[in-house]
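Per-entry structural report
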Amino acid sequence: MTERLTLPEKAVGGLLRALGALPWSWLSALGAGLGVMTYLVAVRARRVARINIALCFPELSSRARERLVRRHFVAMGRNALTTARLWWASEEEFYRRVRIVERASYDEATARGRNIIFLAPHFLGLEIGGLRVSIERPCISMYRAPASVLAQLLLRRRSRFGGLLWRHDAPLRPLIRAIQDHKPFYYLPDLDPGGAQAVVTPFFGVPTPTLTALARIARLSDAVVLPCYTRKLPGAGGFEVTIGAALAPFPTDDILADATRMNAAIEQAVRKMPEQYLWTYKRFKRVRRDGKSPYE
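A brief structural summary. (Residues numbered from 1 in each chain as written. Predicted model: local features only at pLDDT ≥ 70, side-chain atom pairs only at ≥ 80, totals over all residues. Heavy atoms only, no water.)

**Focus: the pairing of strand β3 (residues 140-143)**
The test is simple: The buried label goes to any residue with under 20% of its type's maximum accessible area, the exposed label to any with over 50%, and the partly exposed label to all in between, with areas taken from a 1.4 Å probe on protein chains only. Here a helix means four or more residues in a row that DSSP labels H or I, a strand means two or more in a row labelled E, and each is numbered from the N terminus. Whether two strands pair depends on DSSP finding at least two bridges between them.
The alternating pattern of β3 places Ile140 and Met142 on one face and Ser141 and Tyr143 on the opposite face, and all of these are buried. The pairing of β3 with strand β5 (residues 185-187) spans two bridges and is parallel. The residue of β5 that forms the bridge with Ser141 is Tyr186.

Right under this line is the structure:
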């Protein structure tokens, strides 16, 4: 991708850098306010979050679910402003604010010379986690064609520490070769399968069309799959990245079992920090009940 910025990108980048110059305590307070405002005015996003949380946590009371929705929007606001700061932070500040707190499985796989795929679900700190692991070794990250000036600008920032970009609909063979060349792949598993190969497997007990690409890529590249989750710490705290134990057995000869294993790993992480999962994404739009999507 070219490094030359357009005038709108320069303007948006300047605004984000200005926000990033504020103290972390200010960013936290302003971010919380931004989240509350978004909760109040973003009617469609709020409705999607309510539907998703009701599907995933039917055991909660309606009041408890609404509290989770509000906490999610506050977390989104705080994450947005602190992420803006970190997009342009020095490498020293980035290291200080974003720590890998659990990494034994990663170090072991690296020592054994294994090819690595990071299983990185859609938590709010997803982008920051990808940047953090790319500091140590250039990682491959997925992307979709940017649909806005902001998305285009942030896509450029993904490669600031040597990260490599792979478009989600690009041919698979170059990706496999890159993983086999010991470049970790930062894979986003919980995407809408669209027309891609998918199986129906439970996600929070909801039979959900689920991509099967992870098992295929892991098999072709002979890679170990390590769950990688990024948590925004409370208040003015930074971020923590957790790299969990490898999925095992994975992959197997059963694509349904592999997809079920992947969803179970994501669900386990979501239950630990539910307010930080991306609930405004229509994860269940291909689920049909009485012939309709839950969002209709």
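**Observations concerning helix α9 (residues 172-180)**
Put simply, the rule reads: What the arc describes is the spread of directions from the helix axis to the C-beta atoms.
Along α9, the positions that sit buried rather than exposed are Leu175, Ile176 and Ile179. Along the axis of α9, the buried residues cluster in a sector spanning 100 degrees; they form a single face. One or two residues past the end of α9 sits His182, with phi positive at roughly 65 degrees.

**Thoughts on the side chain of Arg46**
To be explicit about the condition: In summary, the charge assignment counts Lys and Arg as positive and Asp and Glu as negative, without counting His or the chain termini. When a carboxyl oxygen of Asp or Glu is within 4 Å of a side-chain nitrogen of Lys or Arg, the pair counts as a salt bridge. In protein, a polar contact requires one atom able to donate a hydrogen and another able to accept it; more generally it is a pair of N or O atoms within 3.5 Å, and residues adjacent in sequence count only if both atoms are side-chain atoms. Note on definitions: a residue-residue contact is assigned when non-hydrogen atoms from the two residues lie within 4.5 Å.
Summarising the element assignment, Arg46 is placed in helix α3 (residues 43-56). Here Arg46 sits buried without a salt bridge, and the closest side chain of opposite charge, Glu66, lies 5.4 Å off (N-O distance). A polar side-chain atom of Arg46 sits 3.2 Å from the main-chain carbonyl oxygen of Leu40. Aside from chain neighbours lying at most four places away, what touches Arg46 is Tyr39, Leu40, Val41, Val69 and Phe73.

**Some words on the packing of α9 against helix α10 (residues 213-221)**
Note the following rule: Axes here refer to lines fitted to C-alpha atoms; in helices the fit is confined to the stretch in contact. Angles between the N-to-C directions go from 0 to 180 degrees. When an angle is under 35 degrees it counts as roughly parallel; over 145 it counts as roughly antiparallel; between 65 and 115 it counts as roughly perpendicular; any other value is oblique. Left-handed describes a crossing whose near helix is turned anticlockwise from the far helix by less than a right angle; the clockwise case is right-handed.
For the pair α9 and α10, interaxial distance at closest approach is 9 Å and the crossing angle is 55 degrees. One element, α9, and the other, α10, form an angle in the oblique class. Both α9 and α10 take part in a crossing whose hand is right-handed. Residues Leu172, Leu175, Ile176, Ile179 and Gln180 of α9 pack against Arg216, Ile217, Leu220 and Ser221 of α10.

**Regarding the sheet that holds β5**
Strands sit in the order β1-β9-β8-β2-β5-β3-β4 across an open sheet of seven strands; the sheet is mixed. Each edge of the open sheet carries a strand with a single partner, namely β1 (98-102) and β4 (164-167). Neighbour-to-neighbour, the strand axes of the sheet open up by a mean angle of 30 degrees, direction not taken into account. Judged from the five bridges that link them, strand β8 (residues 223-232) and strand β9 (residues 239-243) form a sheet pairing that is antiparallel. If you follow Arg231 over to β9, its bridge partner there is Glu240. Packing against the sheet, helix α4 (residues 62-87) makes contact with β1, β8 and β9, and its axis sits at approximately 90 degrees to β9. This element, helix α11 (residues 255-272), spans β2 (115-119) and β8 of the sheet and lies at about 20 degrees to β8.

**A closer look at the nonpolar core**
What counts is decided by this rule: In this text, buried Ala, Val, Leu, Ile, Met, Phe, Trp, Tyr and Cys residues form a nonpolar core when linked through side-chain atoms within 4.5 Å.
Ile117, Phe118, Phe185 and Ile243 are the most contacted members of the largest nonpolar core, which totals 77 residues. With seven residues, the top contributor of residues to this core is α4. With near-sequence residues (within four places) excluded, Phe118 lies in contact with Tyr106, Val133, Cys139, Pro184, Phe185, Tyr186, Tyr187, Leu226, Cys228 and Ile243.

**Notes on the packing of aromatic side chains**
Let me state the cut-off plainly: Note on ring pairs: Phe, Tyr and Trp rings are taken, using the six-membered ring of Trp, and paired if centres are within 6.5 Å. Classes follow the plane angle, with under 30 degrees stacked, over 60 edge-to-face and the rest tilted.
What the rule picks out here adds up to 14 aromatic pairs. Ring centres of Phe57 and Trp279 lie 5.9 Å apart, and the angle between their planes is 70 degrees; on these two criteria the pair is classed as edge-to-face. Of the two residues, Phe57 sits in the loop between α3 and α4 while Trp279 sits in the segment after α11, which places them 222 residues apart along the sequence. For the pair Phe57 and Trp279, one class covers both residues: buried. Taking 5.6 Å as the distance between ring centres and 50 degrees as the angle between the ring planes, the aromatic pair formed by Phe185 and Tyr187 counts as tilted. We classify Phe185 as buried; its relative accessible area is 0%. Classification of Tyr187 as buried rests on a relative accessible area of 3%.

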